[in-house]
Amino acid sequence: MLGAIWFFLWGILWAVYFMLDGFDLGSGALLPFMAKNDTERKLVYRAIGPFWDGNEVWLITAGGVTFAAFPTTYAVMFSGLYSALMLILFALILRGVSFVFRNEVDHPGWKALWDFCLCGGSFLPALLLGVAFANIFRGLPIDAAGVYQGGLLTLINPYGLAGGVLFLLLFLVHGSLWLAVKTEGPLKRRAAAMAVRLWWPLLLVAALFLFASLRATSLFDNYRSHPALLLIPALAVAALVLVYLFMRRGAWWRAWFASCATIVGVTLFGVVGLYPRLLPSSIDPAYSLTIANSASSPLTLKIMLVVALTFVPIVIAYQVWVHFLFKDKIKEEDLAGEGGY
Amino acid sequence: MDVLMLSRLQFAAATMFHFLFVPLTLGLSVLIAIMETVYVKTGDEEYRRMARFWGKIFTINFAVGVVTGITLEFQFGTNWSQYSRYVGDLFGSLLAIEATLAFFLESTFLAVWVFGWKRLSPRLHAVCIWLVALASNLSALWILIANAWMQHPVGYVLRNGRAELQDFLAVVTQPFAFQMFFHTVFGAYILAGFFVMGVSAYHLLRRQHIAFFSKSFRLALSLALVFSLGELVHGHIHGAEVAKIQPAKLAAMESLWETRAEAPETLFLIPDEKNQRNLVEFGRLPGVLSLLAYHSTQATVKGLKDFPPEDRPPVTLTFVAFRLMVGLGFLFALLTLVGWFKRNKLESSPGYLKVMLYAMPLPYVAMQAGWIVTEVGRQPWIVYGLMKTSAAVSPIAVSQVAISLAAFIAVYGLLGGVAFYLIMQQVRRGPEPATAAAVPGEG
């Protein structure tokens, strides 16, 4: 029971991380396509500036919770995905400092360097997180001793790549919707047009991914035995359709919230399909890491549950407050004067 | 080189680099919070400018600290998977608690502080930087509880082929954790104090922004003085605790080979690890080591020869790092004491200011040396007495680690260079002109 609760909390934490960092990763990756001059680039930075770091802590927490609640999964997952994870981390490092470093030196080359780091450092994690999670859905070559018997190239397979493209498109749409919410004028128009343009490919890839999951993974086993659960992928698809409907009406905030729901829905679709496995083995299902063979002791799970149920609501409360505090659209005059890096 | 050695080098490089930025975050956040509070209480605009100037440096420093911290959490999984598997039940939860309690608070409210100058009332804005200071110190507490458990594992039981949590309170309240916490944050406050004093000295020597940097200097001096003196007392208590729970580390710190009662403290010596002796010994103070370690000149101190060779930490590195740290600790107390008598005539003390300018790197050296004593001195154990470092490493390809280590060195080298340049640029630029902040509507 305790293990099952933590399994779903684990899934929800990753979903929340994707939902939150997704919009700033997407905005960052779109920087060169959205902003046509230095002022517009500054506006893009400013639109995600107060939020990106708080969003990224959800990654640290998702990682930390994997460590705390399922140490064996943490050990196998991150040593197995060594090179992919290192690429993600280095990308996040270069991207993170760009926010602060960019405007410290007033030289076009300097700014272009950090703009490149923001863009590339946002693009790569978006893609690789998708590749990694699709491969987890599909199963990793884990042997009887729990050792990963593959390399970086093992992850490069059609289903894994489809997952990568899916995450990338989800985040790009999420990011352009965010910029449509947060900016005005030509920048907003470009962001809105981008969201509309990327929505169709996203729908196509999402549909492809769902059908590929039928063939390439055993995710649907749980759905076959409990058809009511199909509500989750159905809600994800419905949310994706809502994104389109809200976009058509110019309701950007609502479209963005629908996009949040889509990302959470896609993640939970996978997590529910995995249950009770955290890392299925593609060598032999019996080698899979599950709640039973990788969870922490009941005492640790209990203590962590108290900690999580006490402090995560507090975190959510003050992070929501920050969104209210910086709820206004970013205007050019905000860039001058005090406030900001 | 094998995966073990490369992984150790990688973790050492990543942690030591990360810890170039962390202490300044811990100490400078407190100083900035004090400055902004003085501004809120007195309305003195100069303190607001101080908070903004030091805050700018803080932000650059914090950015590098935070991005290099993320890799550390994941390295336990990537490079030390056997360790994670064996002790994750206990150790993992401490890291998760650190993230939930401290990282969210720190990152979220620093962003509010940076972007909120015009959106928040001065009082609420000051609260934000206090929350950042609280959160970064809280994160130090939790990570040091985790590290203290590696130094002195308590509250666990060996079950299901791993170390499982048995007594959470024993883990989070063990005295050694709080000793490590105080030792580290005292050091961080000293470092931040010396940083602010050094930068202030730079401007005072050039006779610019005199009032601004005199105030900054005096504030930093008070902090550094209190904690330099405090660290001398506390360092001794901490050392005595190490003697009790990690006798092999103590023997290496002192390069003491033979077990003996009335063990001497030797002022100068050169360890000769190969022949298990000291090459040169000079200035022996009989019984002083016994007195320091066990509070009795007659007490017996265990020498390195009484530990099997495979259970001894590297002696020379531990010994030199310890001597360096202690020597610098005394120097900090001396320099801040001198400063106390010169605090009201700083401008007419160029010699002292020059010394304080060049003393800026020294607390960084002391901090790094301290961590070398802690971590190298714990070897060959990753968890003292429970798990050997060699048993903790991941079953991964040597090429993977070689490539990632090279990437760490390249990226961190670049990052360090850029951060140093940008901080120096801020330092040289000095504070914003007084008028800018006084424009109505900007405050």
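What you see is a predicted model; the values in this text were computed from it and never measured.

**Q** Describe in detail unusual backbone geometry, supporting the description with residues and values.
**A** Across the junction of Tyr275(A) and Pro276(A), the peptide omega takes the value 0 degrees, indicating a cis bond. Checked against the element boundaries, Pro276(A) lands in the loop between α12 (252-274) and β1 (277-279). Look at the link from Gln379(B) to Pro380(B): it is a cis peptide, with omega at 5 degrees. Turning to its location among the elements, Pro380(B) is positioned in the loop between α13 (362-376) and β7 (381-383). Its identity is not glycine, yet Gln276(B) carries a phi of approximately 50 degrees, on the positive side. With respect to the secondary-structure elements, Gln276(B) resides in the loop between β4 (265-272) and β5 (277-285). Take Gln276(B): there are 15 C-beta atoms within 10 Å of it, and that puts it in the partly exposed class. Backbone geometry at His295(B) places phi at a positive 60 degrees, although glycine is not the residue there. Positionally, His295(B) belongs in the loop between α10 (288-294) and β6 (300-301).

**Q** Residue-level account of the nonpolar core, with values.
**A** Nonpolar side chains tend toward joint burial in soluble globular proteins. Leu169(A), Ala195(A), Leu31(B), Trp54(B), Ile145(B), Tyr189(B) and Ala224(B) are the most contacted members of the largest nonpolar core, which has 282 residues in total. A per-element tally of this core places helix α4 (residues 81-115) of chain B first, with 22 residues. Other than its neighbours up to four places away in sequence, Tyr189(B) contacts Gly27(B), Val30(B), Leu223(B), Ala224(B) and Phe227(B).

**Q** Can you tell me about the pairing of strand β1 (residues 156-159) of chain B, naming the residues and giving the values?
**A** A regular strand places its side chains so that they alternate between the two faces of the sheet. Residues and elements named next belong to chain B. Both β1 and strand β2 (residues 162-165) contribute to a ladder of four bridges, which runs antiparallel. Residue pairing across strands places tyrosine 156 opposite leucine 165, the latter belonging to β2. The loop that links β1 with its antiparallel partner β2 comprises two residues; one of these, asparagine 160, has a positive phi angle of about 55 degrees.

**Q** Please provide a residue-by-residue account of the interface of chain A and chain B, values included.
**A** At the interface, 55 residues of chain A touch 54 residues of chain B. Those elements giving two or more residues to the side of chain A that touches chain B turn out to be α4 (52-69), α5 (71-80), α6 (82-101) and α14 (298-325) of chain A. Residue contributions to the side of chain A that touches chain B peak at 13 residues, all from α14(A). In terms of residue class, the side of chain A that touches chain B is made up of 36 nonpolar, 16 polar and three charged.

**Q** An account of the environment of Pro50(A) is needed here, citing residue identities and associated values.
**A** Residue position: Pro50(A) is located in the loop between α3 (38-48) and α4. Residue Pro50(A) is classed as buried on the basis of its 22 C-beta neighbours within 10 Å. Sequence-distant contacts of Pro50(A), that is, excluding residues within four places in its chain, are made with Val322(A), Phe326(A), Ala111(B) and Phe115(B).

**Q** Tell me about helix α3 (residues 45-78) of chain B, and name the residues and values.
**A** Its 34 residues give α3(B) an end-to-end C-alpha distance of 49 Å, which sits within 8% of 50 Å, the value for a rise of 1.5 Å per residue. Within α3(B), 29 of the 34 residues are buried, which leaves the element mostly enclosed by the surrounding structure.

**Q** Can you tell me about the environment of Gly416(B), naming the residues and giving the values?
**A** All names here are of chain B. Inspection of the secondary structure puts glycine 416 in helix α14 (residues 398-429). On the basis of neighbour count, glycine 416 is assigned to the partly exposed category, with 15 C-beta atoms found within 10 Å. When the C-alpha atoms of glycine 416 and phenylalanine 17 are compared, they prove to be 8.1 Å apart, with 399 residues separating the residues in sequence.

**Q** If you had to explain the packing of α3(B) against α14(B) to someone new, which residues and values would you point to?
**A** Residues and elements named next belong to chain B. Close contact between α3 and α14 brings their axes to 9 Å; oriented N to C, the two are set at 170 degrees. Classified by the angle their axes make, α3 and α14 are roughly antiparallel. On α14, the residues touching Lys56, Ile57, Ile60, Asn61, Val64 and Thr68 of α3 are Tyr412, Leu415, Ala419, Leu422, Ile423 and Gln426.

**Q** An account of the packing of helix α1 (residues 2-29) of chain A against α4(A) is needed here, citing residue identities and associated values.
**A** Residue and element names in this part refer to chain A. Two elements in contact, α1 and α4, have axes separated by 8 Å at closest approach and are oriented at 160 degrees. It follows from the interaxial angle that α1 and α4 lie roughly antiparallel. The two elements α1 and α4 cross, and the hand of that crossing is left-handed. In this structure, α1 uses Trp6, Leu9, Trp10, Leu13, Trp14, Val16, Tyr17, Leu20, Asp21 and Asp24 to contact α4, whose residues at the interface are Trp52, Asn55, Glu56, Trp58, Leu59, Thr61, Ala62, Val65, Thr66 and Ala69. A breakdown of the residues in the contact of α1 with α4 according to their chemical character gives 14 nonpolar, three polar and three charged.

Thresholds, definitions, all that
- Residues numbered from 1 in each chain as written.
- Chains lettered and ligands numbered in written order.
- Predicted model: local features only at pLDDT ≥ 70, side-chain atom pairs only at ≥ 80, totals over all residues.
- Helix = DSSP H or I, 4+ residues; strand = E, 2+ residues; numbered from the N terminus.
- Buried ≥ 20, exposed ≤ 12 C-beta atoms within 10 Å, placed from the backbone.
- Core = buried A, V, L, I, M, F, W, Y, C linked by C-beta atoms within 7 Å.
- Contact = placed C-beta atoms within 7 Å.
- Pairing = 2+ DSSP bridges.
- Nonpolar A, V, L, I, M, F, W, Y, C, P; charged D, E, K, R; others polar.
- Expected span 1.5 Å × (residues − 1).
- Axes fitted to C-alpha atoms, helices over the stretch in contact; angles between N-to-C directions.
- Parallel < 35°, antiparallel > 145°, perpendicular 65-115°, else oblique.
- Left-handed = near helix turned anticlockwise from the far one by under 90°.

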